[in-house]
Amino acid sequence: MTDSPPLPNALPDSFFDRDAQVLARDLLGKVIRHKVGDLWLSARIIETEAYYFAEKGSHASLGYTEKRKALFLDGGHIYMYYARGGDSLNFSAHGPGNAVLIKSAYPWVDTVSGPASLAQMLLNNPDAQGRPRPSQKLCAGQTLLCKALGLKVPQWDAKRFDPERLLVEDVGVPTVNVIQTTRLGIPLGRDEHLLYRFVDAAYAPWCTRNPLRRGQVEGRDYFLLS
């Protein structure tokens with residue numbers, strides 16, 4: 001009889017009940033795990049964006065609705081919505097209306113989530129021609145991430161984490177260097193200048209948009225934190 005793989009250790013709700021920018025930075029390097037059937041589908045967070053009730057780029061700034069209620073609940077609630085026809089994943093932070101968007105991630109394989117989990121993620125998220133995506137691009141965007149992990153708005157919006165089904169884990173692999181820059185897709189006049197986007201520098205080529213691409217200047221377009 002073979003031993004079962006070890007169960008992942010979920011981060012406590014207190015981890016999420018902190019300032020949105022602090023949370024956005026500290027989520028880099030953490031692993032999202034979603035159990036589908038017998039498999040834990042997993043991805044390492046490499047890009048996040050912080051949002052606050054008081055700034056115009058946030059959904060919360062548009063006011064409370066039943067659909068947005070997760071943004072106004074305690075830190076550690078899940079807020080999901082549709083973006084460009086796909087599902088997007090957010091976590092509430094400390095303070096009503098504050099949250100972190102999980103912008104992109106990188107497939108994670110270990111003793112909990114083995115090759116079979118990665119194979120399922122590849123099946124979940126083929127390219128436009130139905131072919132497998134390169135693994136490094138499998139979760140390179142907020143809707144691609146949710147599709148690869150099998151996360152759906154109706155199933156998880158306004159829910160708490162479930163240690164047996166959906167969680168975030170610290171796997172002990174730190175993020176050494178962090179890039180801080182402006183968020184993506186914020187319309188002009190809606191606080192698009194705020195430096196609320198955080199990227200794991202080691203994975204910059206595989207995030208939504210590489211902040212180190214040609215023409216970007218440190219100290220002007222982004223800042224490197226260690």
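Every value quoted in this text rests on a predicted model; they were computed, and no experiment measured them.

Enquirer: I tried to follow the overall build of the protein on my own but got confused; where do I start?
Expert: Counting its regular elements, the protein contains five helices and nine strands. The linear arrangement of helices and strands in the protein, starting from the amino end, is α-α-β-β-β-β-β-α-α-α-β-β-β-β. Projected onto its principal axes, the C-alpha positions of the protein cover 60 × 40 × 35 Å. Looking at the protein residue by residue over its 226 residues, the buried ones come to 48%. Here the analysis covers contacts within the protein between residues at least 6 apart in sequence; of these, 66% occur between residues at least 24 apart. Accessible area for the protein stands at about 10,900 Å²; split by element, carbon and sulfur atoms hold 54% of it. Measuring between centres, the 27 positive side-chain charges of the protein sit 7 Å from its 24 negative side-chain charges.

Enquirer: It is not clear to me how the side chain of H34 should be interpreted in this structure. Could you clarify?
Expert: Inspection of the secondary structure assignment puts H34 in strand β1 (residues 31-36). Side-chain polar atoms of H34 contact the side chain of W156, separated by 3.4 Å.

Enquirer: Quick question: what am I supposed to make of the pairing of strand β2 (residues 39-51) here?
Expert: Working note: regular strand, side chains alternate between the two faces of the sheet. For β2, the tally of buried residues reaches 12 of 13 residues, placing the bulk of the element in the interior. Turn length for the β1-β2 hairpin, with the two strands adjacent in sequence and antiparallel, is two residues, and the turn residue G37 shows positive phi of about 65°. With three bridges connecting them, β2 and strand β8 (residues 197-200) associate as antiparallel partners. Bridge pairing in β8 links E47 to V199.

Rules used in this analysis
- Residues numbered from 1 in each chain as written.
- Predicted model: local features only at pLDDT ≥ 70, side-chain atom pairs only at ≥ 80, totals over all residues.
- Heavy atoms only, no water.
- Helix = DSSP H or I, 4+ residues; strand = E, 2+ residues; numbered from the N terminus.
- Buried < 20%, exposed > 50% of the residue type's maximum accessible area, 1.4 Å probe, protein only.
- Contact = heavy atoms within 4.5 Å.
- Areas by Shrake-Rupley, 256 points an atom, 1.4 Å probe, with all protein chains shown as cover.
- Lys, Arg positive; Asp, Glu negative; His and termini not counted.
- Charge placed at Lys NZ, Arg CZ, Asp CG, Glu CD.
- Polar contact = N/O pair within 3.5 Å; in protein donor to acceptor, adjacent residues only side chain to side chain.
- Pairing = 2+ DSSP bridges.

Coordinates in, geometry out; function isn't part of it.
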